[in-house]
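Chain by chain, the residues run as shown.
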Amino acid sequence: MRQEGHKTTREEEKARTLPSLMFFLPNDKENPGKKIIGGGELSNWLIRMEGNGHSSSSKSLERVISRKAMQVGSSAPCKTWVAGFFCGVCIMYLSGVALPSVRIPQSLPVYPPLWRAILWNSTLTELADGAAATDELASVQEQMQKTNKNEQITEGRIMHLYNAWSTWLNTTRDEVLKSSDAPQPPHLDNCRLNAERNKRFDSYGDNGTFPPWTLWRGSLGLELLNKNYSDEGEKMRLIPNPYQQYPPWIVGSDEENYPLTRRVQRDIWIHQHPPNCSDPSLRFLVADWERLPGFGIGAQLAGMAGLLAVAIKEKRILVTGYYNRADHNGCKGASRSSWSCYFFLETSPDCRRRAFELMQSKDSWANGMWIWGEPWKYMQPTTEINGRLVINHRKMDRRWWVAQATRYLMRFPTEYMCGLLNEARHSAFGMQAAKLVLESVHNNLPKVGITRSRSDIETLVWSDHKPYIPRPLLSMHVRMGDKACEMVVVGFEDYMELAGKLRKRFPSLKNIWISTEMQAVIDKTKFYPDWNFYFTSVARQGGNMTMAKYEARLGRETSTNYPLVNFMMATEADFFIGALGSTWCYLIDGMRNTGGKVMSGYLSVNKDRFW
């Protein structure tokens, strides 16, 4: 009896935990009138009957309840209630999954759509099977915790890889390959290799052969020329004819550049690099860079472009002298106070030595002019001002020539200039590049001790590709300050209006490399959260002051380095917005139009003051 009583007590406790479902029993002989029995009462009743041995009565009661329940289920009120219940479930499901996510005032979703759907499905499952739903919900929460943990690990690895790359900025790529197991930085150039390769492209061979301007670009062409050929005729076909090949610093076809750009660049190089600089018939034009107060880098370049035109017209070789902006400790050795600190020289070292020997010569100048025709008449109208393309203006010849001269003078950056660009790209895009690299290897760094070997296609073909920058990239030079005395100055909002116009045509555009001397412009970028802005870290003007005072405050090295970095970044960007009234923007436009980007167009907030 104790066991039986104990069993009854356990069953009673179990019965009391059942849902309190209400049964409506119609009148019958044993139960006159309606009676409402809760689920717990019904279970207790059945247990007592079973305990007293009334199994037959219990079965009879179960049949009665089943029959009555079926009758109730077939009634109209019950059908209405069931239909309403399932309609409510459907509405709740559509509201939770099919419709957009609910957002809080900060415009952040309460749940990501996928997680919200999982949580709602878990709730529905819980109605059918509480234990299974609880386990699934716990599994979902565990997955979310693991995801957050993986994100933290990824951020740590990104910073670790970024810091590892930071130590590479002052080392050669060969040293890195021997000492580091980290992935290669896609946004950094191999400056030593580039300088050595460009030196071969910019000088005659040991036997006086023309530079290897082959049909193959970069390292691939040099490798093919260095091979041993059994057939001498096969090798001769690879040796370029100077009048059939074009210089490797020009990107794109004739249609993608100003008219005759490739031919003009070749002719300028041949003019400036005679095979024998000791030829007594050669004449030189030696000129220092302009350094009058108020002359910026742009004005200096424009002035030297004019001197190059004079030299070619007079059949003389231009030789540049003292460059005041390179007179700082960053430029080492012979490159100090010389254009060669930043870019390759305009002529060969032999011709420079010969020119300085003859500086005091009284030899007469020869007359003559290089024959290129008038290619500026065929320039494509790709500059827009106030919504209209500029088809013709009074200074088209000057614009064409300044672009050609600037491109030639800046054809090859030096190793020092390459290092400055590496530092700027690493500061701006290093974290993004690290994230991309880690994602490509599934967040797993190579194991320490494994020697990495580069395939031929990596060394000879892919090595010629430009370093990584987030594309599409818009470069924007906002010129204000004392420039108001020379041109119409507009606000930053007008520049961004043109950027919005570009984005309408190119919806993926969201990155802007901005260069400006005004801190107010940088401060205004926060009002455009839909754009990603990049800029150099340098002290900027807080108010109006002359450019000369501003540069003096920065110091000669900084005031030269950071503008040249911005200049080169602008030439590599996909699009450009500037002010043609600024000589700096004028030169950037010329470099882009001789660098394969003439069809990218140029949006200007004003026109050149001489047009």
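Structure report, in brief. Just so we're clear, the structure is a prediction, and the values are computed from it rather than from any experiment.

About the cut-offs
- Residues numbered from 1 in each chain as written.
- Predicted model: local features only at pLDDT ≥ 70, side-chain atom pairs only at ≥ 80, totals over all residues.
- Heavy atoms only, no water.
- Pairing = 2+ DSSP bridges.
- Helix = DSSP H or I, 4+ residues; strand = E, 2+ residues; numbered from the N terminus.
- Disulfide = S-S within 2.5 Å.
- Patch = residues over 30% accessible without salt bridge, like charges linked within 9 Å, V, L, I, M, F, W, Y side chains within 5 Å.
- Areas by Shrake-Rupley, 256 points an atom, 1.4 Å probe, with all protein chains shown as cover.
- Salt bridge = Lys/Arg side-chain N within 4 Å of Asp/Glu carboxyl O.
- Buried < 20%, exposed > 50% of the residue type's maximum accessible area, 1.4 Å probe, protein only.
- Core = buried A, V, L, I, M, F, W, Y, C linked by side-chain atoms within 4.5 Å.
- Contact = heavy atoms within 4.5 Å.
- Axes fitted to C-alpha atoms, helices over the stretch in contact; angles between N-to-C directions.
- Parallel < 35°, antiparallel > 145°, perpendicular 65-115°, else oblique.
- Nonpolar A, V, L, I, M, F, W, Y, C, P; charged D, E, K, R; others polar.
- Phe/Tyr/Trp six-rings, centres within 6.5 Å; stacked < 30°, edge-to-face > 60°.
- Lys NZ or Arg CZ within 6 Å of the ring centre and 35° of its normal.
- Expected span 1.5 Å × (residues − 1).

**Describing the sheet that holds strand 9 (residues 532-534)**
Read from one edge of the open sheet, seven strands run 6-5-11-10-7-8-9, paired in mixed fashion. Whereas interior strands pair on both sides, the edge strands pair on one side only; in this sheet they are strand 6 (388-389) and strand 9. As judged from the three bridges shared by strand 7 (residues 473-478) and strand 10 (residues 575-578), these two strands associate in the parallel manner. Note on strand 10: the bridge partner recorded for Met476 is Ile577.

**Quick look at the state of the cysteines**
In the structure shown here, the tally under the stated rule is three disulfides. For the protein chain, the bonded cysteines pair up as 1-6, 2-5, 3-4 when numbered in the order they occur along the sequence.

**Points about a nonpolar patch on the surface**
A surface patch of nonpolar side chains, about 280 Å² in accessible area, is lined by Ile457, Val461 and Trp462. Look at Val461 and you get partly exposed, because its relative accessible area is 34%.

**Considering the environment of Leu409**
Relative to the helices and strands, Leu409 is located in helix 14 (residues 396-409). For Leu409 and Leu345, which are 64 residues apart along the polypeptide, the C-alpha to C-alpha distance reads 7.3 Å.

**Quick notes on the nonpolar core**
Proteins that are soluble and globular tend to have nonpolar side chains buried together. Counting residues in hydrophobic clusters, the biggest one holds 68 residues, and the most contacted among them are Trp339, Tyr342, Met410 and Met417. At eight residues, helix 14 tops the list of elements feeding residues into this core. Those residues in contact with Met410 that sit more than four places away from it in its chain are Leu301, Trp339, Phe343, Leu564, Phe567, Met568 and Met591. Core analysis: the next-biggest nonpolar cluster, separate from the first, contains 25 residues, Tyr495, Leu509, Val521 and Ala579 among them.

**Comments concerning the packing of helix 12 (residues 297-313) against helix 14**
The geometry of helix 12 relative to helix 14 is characterised by a closest axis approach of 9 Å and an angle of 95 degrees between their N-to-C directions. When the axis of helix 12 is compared with that of helix 14, the two are roughly perpendicular. Mapping the contact onto sequence places Met304, Ala305, Leu308, Ala309 and Ile312 in helix 12 and Trp401, Val402, Ala405, Tyr408 and Leu409 in helix 14. Taken together, the residues of the contact of helix 12 with helix 14 sort by class into 10 nonpolar, no polar and no charged.

**Things to note about the side chain of Ser475**
Position of Ser475 among the secondary structure elements: in strand 7. In this structure, Ser475 is in contact with Trp513, Ala570, Ala573, Phe575, Phe576 and Ile577, ignoring residues within four places of it in sequence.

**Quick word on the packing of aromatic side chains**
The final tally for this structure, using the stated rule, is 21 aromatic pairs. Summarising the aromatic geometry, the rings of Tyr204 and Phe210 are spaced 6.1 Å apart at their centres and angled 75 degrees between planes, so their arrangement reads as edge-to-face. Three or more aromatic residues joined by ring pairs form one cluster here, namely Tyr204, Phe210, Trp213, Trp249, Trp269, Phe344 and Phe412. Looking at Arg411, its charged tip hangs above the ring of Trp249, at a distance of 5.9 Å from the centre.

**Brief notes about helix 14**
Each α-helix winds once per 3.6 residues, and so residues spaced three or four apart point in a common direction. Between its first and last C-alpha, helix 14 extends 20 Å over 14 residues, near the 20 Å set by a 1.5 Å rise per residue. For helix 14, every residue scored as buried is listed here: Met396, Arg399, Trp400, Trp401, Val402, Ala403, Gln404, Ala405, Thr406, Arg407, Tyr408 and Leu409. Buried-residue contacts for helix 14 involve helix 11 (261-272), helix 12, strand 5 (383-385), helix 20 (556-572), helix 21 (583-593) and strand 11 (602-604).

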